Amino acid sequence: MSAPIDLRLLPATAAVSSDGRLSIGGCDLGELAARFGTPLFVYDETHLRARCKEYVAAFGTDSVAYAGKAFLCRAMVRLVAEEGLHLDVATGGELHVALAAGFPPARIVFHGNNKSDEELSTALAAGVGRIVADSFAELDRLEALVKTGQPIPRVMLRVTPGVEAHTHEYIETGTEDSKFGFPVRPGDAVEAARRVAASPHLELAGLHCHIGSQIHVLQSYAAATAIVVGLAAQIEEAAGPGAVKELNLGGGLGIAYHDGDEPPTVAEYATVLRRALDEALADAGLAHRPALLVEPGRSIAATAGVTLYRVGTIKEIAGVRTYVAVDGGMSDNARPATYGARYEAFLPERATAERPLIATVAGKHCEQGDLLVRNATLPADVAVGDLLCTPATGAYGYAMASNYNKVPRPAVVFVGGGMARPVVRRETFDDLLRLEEE
Ligand SMILES: Cc1ncc(COP(=O)(O)O)c(C=O)c1O
């Protein structure tokens, strides 16, 4: 493939000038790199808001929670609040960021397979709207906290329907062999629901399942929906009609990471889920229609963000491979090294250039596996000092960033209307010493 970068991989406001320079939100990427340094995460605020709106239009108000694990900072929390979404947090740390940004607690959904007493206590005291309980031990903890005077929580039970999501095993979570949730098959899920429904210290809100991430095969959702609705019918036989008020079918919709990817649209996803719900309700004979909720992360944040790097060295091994090394790597994008995720790369100051050179974009970490893009296609004259961009890094990029090799984490800027606003500052070398006691 030697074609210029496919603009469909880029944020909504991406535009190429007559001299081939890429801008996002009206900001020239070369100028952003000069102003804020590299590596740099750039988010298109218009794109983020448009994806939130698309979800609300497809599923309805109060039916969509943004999964903060994809990318979270206070600016993102505020944006999600302004767009009227709910917010899914997976740890006490994410909850802290959400509350610090003033997110309405009643619209927070609290996840986690091993929430501590402290995390649960903070969530109950703050008035978090839904706790997604993951185990019998967690139900014990919640009941104990209520007995000490904490408010009664609305509990969703996370269940694992035993469905293959056709994605990478590290991000496939709905199969029986999973660390998450109550398995449906041996009866744990029904037992947990009976227990919650009968407890004076807990309120049963409904069921939750999340079968995995980066899903392109919508049929996997339909299969999970059928199982979860069947389970809801069983639960209502035991706990009474109307006991399961809500079904949260998780997130997971896939996005395009490289040329040729054709993920389903949000509207198609909503249509499949609704149809699957209708059919499953009819089959299961459930008299009422539980509210349908979803919690997308990647499909809101991924394409909105790109990462900018500066090329530092180019190593050509005759007859073997060319390595183009940049000033970031696995500490700002762990996905390629963790699960072989594939990305594209291009030069945003020559965005319309043909890309005939096959080269591997390497990071700067002390690991041979620190390769950001294997077999990238780049302009033949790529040179030291060039700016290089990887699209679709807005989800699980900064969120999974680390200080491996004591590399400071990049800055994050939001762009729109020709303005750039820094929302997370770049770490300094002094930040690397901040936590040391001596
Ligand atoms: C419980 C839960 N909900 C939602 C999500 C968001 O998934 P995605 O970012 O693929 O939409 C995840 C991701 O791992 C998750 O674990």
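In case you missed it, the structure is sitting above this.
Residues numbered from 1 in each chain as written. Predicted model: local features only at pLDDT ≥ 70, side-chain atom pairs only at ≥ 80, totals over all residues. Heavy atoms only, no water.

A. Fine view of the state of the cysteines. In this structure the tally under the stated criterion is 0 disulfides. No disulfide involves Cys389; its sulfur sits 14 Å from the nearest other cysteine sulfur, which is in Cys27. With a relative accessible area of 0%, Cys389 lands in the buried category. (Disulfide = S-S within 2.5 Å. Buried < 20%, exposed > 50% of the residue type's maximum accessible area, 1.4 Å probe, protein only.)

B. Geometry of the site of the ligand. Looking at the ligand, there are 15 residues lining it, with Ser213, Gly252, Glu295, Arg298 and Tyr396 nearest. Here a nitrogen atom of the ligand sits 2.8 Å away from a polar atom, N or O, in the side chain of Glu295. Between the ligand and the protein, one listed contact pairs an oxygen atom with a backbone N or O atom of Arg298 at 2.7 Å. The fraction of the free accessible surface of the ligand (400 Å²) that becomes covered by protein chains is 92%. Placement of the ligand is best described as lying within the largest pocket. Across the shell around the ligand, the residue classes tally to 3 nonpolar, 7 polar and 5 charged. (Near = heavy atom within 4 Å. Polar contact = N/O pair within 3.5 Å; in protein donor to acceptor, adjacent residues only side chain to side chain. Areas by Shrake-Rupley, 256 points an atom, 1.4 Å probe, with all protein chains shown as cover. 1 Å grid on protein atoms, 1.4 Å probe; cavity = no way out; pocket = protein on both sides within 12 Å on 5 of 7 lines; lining within 4 Å. Sits in = over half its atoms within 2 Å of the grid points. Nonpolar A, V, L, I, M, F, W, Y, C, P; charged D, E, K, R; others polar.)

C. Structural view of helix α2 (residues 45–59). Between its first and last C-alpha, α2 extends 21 Å over 15 residues, near the 21 Å set by a 1.5 Å rise per residue. Residues Glu45, His47, Leu48, Arg49, Arg51, Cys52, Tyr55, Ala58 and Phe59 constitute the buried set of α2. Regarding α2, its N-cap is Asp44, as a side-chain oxygen of that residue lies 3.0 Å from the backbone nitrogen of Thr46 further along. Backbone geometry just after α2 places Gly60 at a positive phi near 100°. (Helix = DSSP H or I, 4+ residues; strand = E, 2+ residues; numbered from the N terminus. Expected span 1.5 Å × (residues − 1).)

D. Broad picture of the environment of Thr360. Looking at the element boundaries, Thr360 is found in strand β16 (residues 357–362). The exposure class of Thr360 is buried, given its relative accessible area of 1%. Note: C-alpha distance between Thr360 and Leu372 (12 residues apart in sequence) is 7.7 Å.

E. Structural detail: empty space enclosed by the protein. Inspection of every chain in the model, using the stated rule, returns 1 cavity of 30 Å³ or more. In this structure, the largest cavity occupies an estimated 40 Å³ of space. If you go around the largest cavity, the residues you meet are Pro39, Asp327, Ser331, Asp332, Ser402, Val407, Pro408, Arg409 and Pro410. Looking at the lining of the largest cavity residue by residue, the classes come out as 4 nonpolar, 2 polar and 3 charged. (Points joined across faces, edges and corners; volume = space filled by probe spheres on them.)

F. Here's a closer look at the sheet that holds strand β3 (residues 27–28). Taken in spatial order, the 3 strands of this open sheet run β1-β2-β3, and their pairing is antiparallel. Each edge of the open sheet carries a strand with a single partner, namely β1 (15–16) and β3. As defined by bridge partners, strand β2 (residues 22–24) adjoins β3 across 2 bridges and the pair is classed as antiparallel. Opposite Ile24, over in β3, you have Cys27 as the bridge partner. (Pairing = 2+ DSSP bridges.)

G. Structural detail: the side chain of Glu143. Along the chain, Glu143 turns up in helix α6 (residues 136–147). In contact with Glu143, not counting residues within four places along its chain, are Arg195, Ser199, His201 and Leu202. (Contact = heavy atoms within 4.5 Å.)

H. Spotlight on the layout of surface pockets. In this model, the largest pocket occupies a volume close to 670 Å³. Lys69, Ala90, Phe180, His210 and Tyr396 are, among the 30 residues lining the largest pocket, the residues nearest its centre. Taken together, the residues of the lining of the largest pocket break down into 10 nonpolar, 12 polar and 8 charged.

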